Amino acid sequence: MDENASARLARRALTVAHRVGLFLAMLLICLPGIWIVLSSLRPTVEIMAKPPVWIPQELSFDAYVAMFSGIGKGGIPVLDYFRNSLIISVTSTVIAVAIGMAGGYAFARYRFRGKSGMFLGLMLTRTVPGIAMSLPLFFVYARLGIIDTHFGMILAYVALNIPFTIWLIDGFFRQVPKDLAEAAQIDGCTRWQAFWQVEFPLARPGIASAAIFAFLTCWNEFALASQLTRSVNSKTLPVGLLDYTAEFTIDWRGMCALAVVMIIPALTLTYIVQKHLVGGLTSGAVKG
Amino acid sequence: MKGFKPSAPILLLLPAFVVLAAVVLVPLLLSLYSSFTPFRLTRPETFFVLIGFRNYILILSNPDFWWAFGRTVLLLTIALNLEMLLGLGLAMLVEKATRGQRILRTLMMFPMMFSPILVGFQFKFMFNDNIGLVNNALQSLGITQDAIPWLIESHLAFTAITIAEVWSSTSIFAILILAGLLAMPKEPIEAARVDGCTPWQTFRYVTWPFVMPFAYIAMTIRSLDVARAYDIVKIMTDGGPAGRTELLWTLVGRTAYSDARMGLANAMAYFSILLSIAFTVYFYNKLAAARAQIGAEW
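K.L.:
Could you give an account of the overall build of chain A, naming the residues involved and the relevant values?
P.N.:
The number of helices and strands found in chain A is 12 helices and zero strands. Counting helices and strands in the order they occur from the N terminus, chain A gives α-α-α-α-α-α-α-α-α-α-α-α. Rg of the C-alpha trace for chain A: 25 Å, well past the compact-globule value of 19 Å for 288 residues, more than 25% over. Counting only C-alpha atoms and orienting by the principal axes, one finds that chain A spans roughly 85 × 75 × 30 Å. When the 288 residues of chain A are sorted by exposure, 45% land in the buried category. When contacts within chain A are restricted to residue pairs at least 6 apart in sequence, those whose partners lie at least 24 apart make up 75%.

K.L.:
Describe in detail the packing of helix α8 (residues 187-194) of chain B against helix α9 (residues 199-224) of chain B, supporting the description with residues and values.
P.N.:
Residues and elements named next belong to chain B. One way to put it is that α8 packs onto α9 with a least axis distance of 10 Å and a crossing angle of 150°. Taken together, α8 and α9 sit at an angle that is classed as roughly antiparallel. For the element pair α8 and α9, the recorded crossing hand is right-handed. Residue-level inspection shows P188, I189, A192 and R193 of α8 in contact with α9, the latter providing T202, V206 and T207. In the contact of α8 with α9, the residues fall into four nonpolar, two polar and one charged.

K.L.:
Quick rundown of helix α5 (residues 116-126) of chain B? Include the residues and the values.
P.N.:
Every α-helical turn comprises 3.6 residues, leaving residues that sit three or four positions apart pointing alike. For α5 of chain B, the buried fraction is high: 11 of the 11 residues fall into the buried class. Residues of α5 of chain B that are buried: P116, I117, L118, V119, G120, F121, Q122, F123, K124, F125 and M126 of chain B.

K.L.:
Lay out the confidence of the model for chain B in plain terms, naming residues and giving numbers.
P.N.:
All names here are of chain B. For chain B, per-residue confidence averages 83 on the pLDDT scale, and 96% of positions sit at 70 or higher. The weakest mean pLDDT in chain B belongs to helix α12 (residues 262-297) at 79; the strongest belongs to helix α3 (residues 63-96) at 89. The ipTM assigned to the predicted complex is 0.81, against a pTM of 0.84.

K.L.:
Lay out the interface of chain A and chain B with the relevant residues and their values.
P.N.:
On the chain B side, the residues contacting the 65 residues of chain A number 69 residues. Contributions of two or more residues to the side of chain A that touches chain B are made by α1 (2-41), α2 (44-48), α4 (78-109), α5 (115-127), α6 (130-144), α7 (150-175), α9 (191-220) and α12 (252-287) of chain A. Among the elements that line the side of chain A that touches chain B, the one with the most residues is α12 of chain A, at 15 residues. When the residues that make up the side of chain A that touches chain B are grouped by side-chain class, the tally is 53 nonpolar, 11 polar and one charged.

K.L.:
Can you explain the environment of L82 of chain B? Please cite residues and give values.
P.N.:
All names here are of chain B. Position of L82 among the secondary structure elements: in helix α3. You can call L82 partly exposed: it has 17 C-beta atoms within 10 Å. With 71 residues separating them along the chain, L82 and E153 place their C-alpha atoms 22 Å apart.

K.L.:
Go over the nonpolar core with me, naming the residues and quoting the values.
P.N.:
Membership of the largest hydrophobic core comes to 159 residues, with the highest contact counts inside it found for A156 of chain A together with I177, A218, V252 and M268 of chain B. It is α7 of chain A that provides the largest number of residues to this core, a total of 16 residues. Excluding anything up to four places from it in sequence, A156 of chain A contacts L137, L224 and L228 of chain A together with V23 of chain B.

K.L.:
Which residues make up the domain arrangement of chain A, and what are the values?
P.N.:
All names here are of chain A. Its domain assignment divides chain A into domain 1 (2-60) and domain 2 (67-287). Here domain 1 and domain 2 have C-alpha centroids that lie 34 Å from each other. Across the contact, seven residues belong to domain 1 and six residues belong to domain 2. Elements that contribute at least two residues to the side of domain 1 that touches domain 2 include exactly α1 and α2. Per element, the largest residue contribution to the side of domain 1 that touches domain 2 is four residues, and it comes from α1.

K.L.:
Now, about unusual backbone geometry: what can you tell me, with residues and values included?
P.N.:
Phi at D148 of chain A takes a positive value of approximately 65°, unusual for a residue other than glycine. Given 17 C-beta atoms within a 10 Å radius, D148 of chain A is considered partly exposed. We note that A260 of chain B has phi near 60°; this positive angle belongs to a residue other than glycine. On the secondary structure map, A260 of chain B appears in the loop between α11 (248-258) and α12.

Cut-off values and rules
Within any chain, residue numbers begin from 1 and follow the written order of that chain's sequence. Labels follow written order: the first chain is A, the first ligand is 1, and so on. Residue-level local features of this predicted model are given only where pLDDT is at least 70; pairs of side-chain atoms are given and counted only at 80 or more, and the full residue set underlies all totals for whole chains, interfaces and linings. Think of it this way: any DSSP run of H or I at least four residues long counts as a helix, any run of E at least two long counts as a strand, and we number them from the N terminus. As a reference, a globule follows 2.2 Å times the number of residues to the power 0.38, and the radius of gyration itself is taken over C-alpha atoms. Using C-beta atoms placed from the backbone, we call a residue buried if 20 or more other C-beta atoms fall within 10 Å of its own, exposed if 12 or fewer do, and partly exposed for counts in between. We call two residues in contact when their backbone-placed C-beta atoms lie within 7 Å. Angular values range over 0 to 180 degrees, each being the angle between N-to-C directions of two axes fitted as lines to C-alpha atoms, with helices fitted over their stretch in contact. An angle below 35 degrees is read as roughly parallel, one above 145 as roughly antiparallel, one from 65 to 115 as roughly perpendicular, and any other as oblique. Crossing handedness is read from the near helix: turned anticlockwise from the far helix by less than a right angle, it gives a left-handed crossing, and turned clockwise, a right-handed one. Amino acids outside the nonpolar list (Ala, Val, Leu, Ile, Met, Phe, Trp, Tyr, Cys, Pro) and the charged list (Asp, Glu, Lys, Arg) are all regarded as polar, and Gly is one of them. pLDDT: the predictor's confidence for each residue, scored from 0 to 100. Core membership is restricted to buried Ala, Val, Leu, Ile, Met, Phe, Trp, Tyr and Cys residues, and these are joined into a nonpolar core through C-beta atoms within 7 Å. Annotation comment: domain bounds sourced from an automatic or database domain assignment.

Dropping the structure here:
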């Protein structure tokens, strides 16, 4: 009897401990984000206050209004940055996914010599740190005159995303049974038709998540963008964050507001993609 | 049809190779060449002067470079191990949760959406010695009266950078290890329990070997992208105070763009590239080994 009671107590204690642990972990993960949102809504005086003001006295959207009200009124050309980011990210994602689909399909469906070596080689091109990459690219781009253009950034980002896109899409094509496409071919489809009619629709969710992942990489990239962009012609949002810094001071409120603007699209997309993303990463690598 | 087949994969891979050759390979060869010249951006004619290995000798005999190199390896070792442990813990916490799995999983991925540069600014803000969240909290709780100079004192700055790095990348480990836990068959665990294993033994000899390949996938993915830390360090301390948190990548950036010594910077860049490649190949091999082990057991 006593033993039963103590066992029950131990289990309850364990459940509570688990809940508390989970709550603390999630709090730690989310705190920086919450803090940014909160700071973007508070007046600068309150952010700078000493002793600190813990409970916000007044919340306002002033920082957002100022940010969008253009140069000279305390704003930065955020709409230009946003447009640049969007154009560059979307275009390079589309191209990278098209190329990645071809490559991933080749790795998933064909046997050929030097396959695993080629795969590793592709991955290794991704290991070159952005900053190390930016030196020769800067030089080449300067010669070609495509510094500070959308084209230059798109080209760089396509190359940046291809290896990973191939890895992901390879994994998703592996999940589609080979027999299906073969059956379609026996029924009279060409290989091309079998791909578009059978294999592509089945792998589509995975390809979509590979696309979102590529998009996020472009959306967040900084090391290359900071060197290859110069003006509102091609500056992206991550580089735009620097506009809020001066030599010794930083406009924290404005920066937090811009950060929120940057995160919202990323947040939405990641929420959509979360389920497929992990499946693609692991199936390709474990079953390969 | 049969004669066409062997060339099909090559044809399909061709666009990928062309783009990578144009944007990665050719510039890399160019930078390899320029690492043998005293090239300065301000003096284009220096591009054609060959000086042999002088750049390499220069950096190899430069203690600052070795400090940066050592610091980079140290940061990666600490960060990757911590991320792995925390990610494992987090994944197991989330896996045990009976309700709200989807929300928990999304929350878990929260840091992945942050641009590394954003992570840098965010932690710079939070670790600010005057108005930062961390010091404010410590002072309000009465733990300390002084403003702790995070980001200014060298060891604290290194700690702060590690925390930022760990925060931003733990979720990659957590999400992949969680995928491993969810994919794991339940029978072996039950069998182990019936046979009288303690929870620790069950974890050590049943769960862990199964989850290991997933952890190595995470390691491989992370090591493809280790230089993310550049953005964070660049923003948080920019290598300061007095070069005490300088990593290979920030050193490369400074040499190239502030000092405009491209040749020297490219020589350094080659070291950081080799470092990344070493990390990636190492984990890729580990992954292959772990995968073979699983394949044999399950």
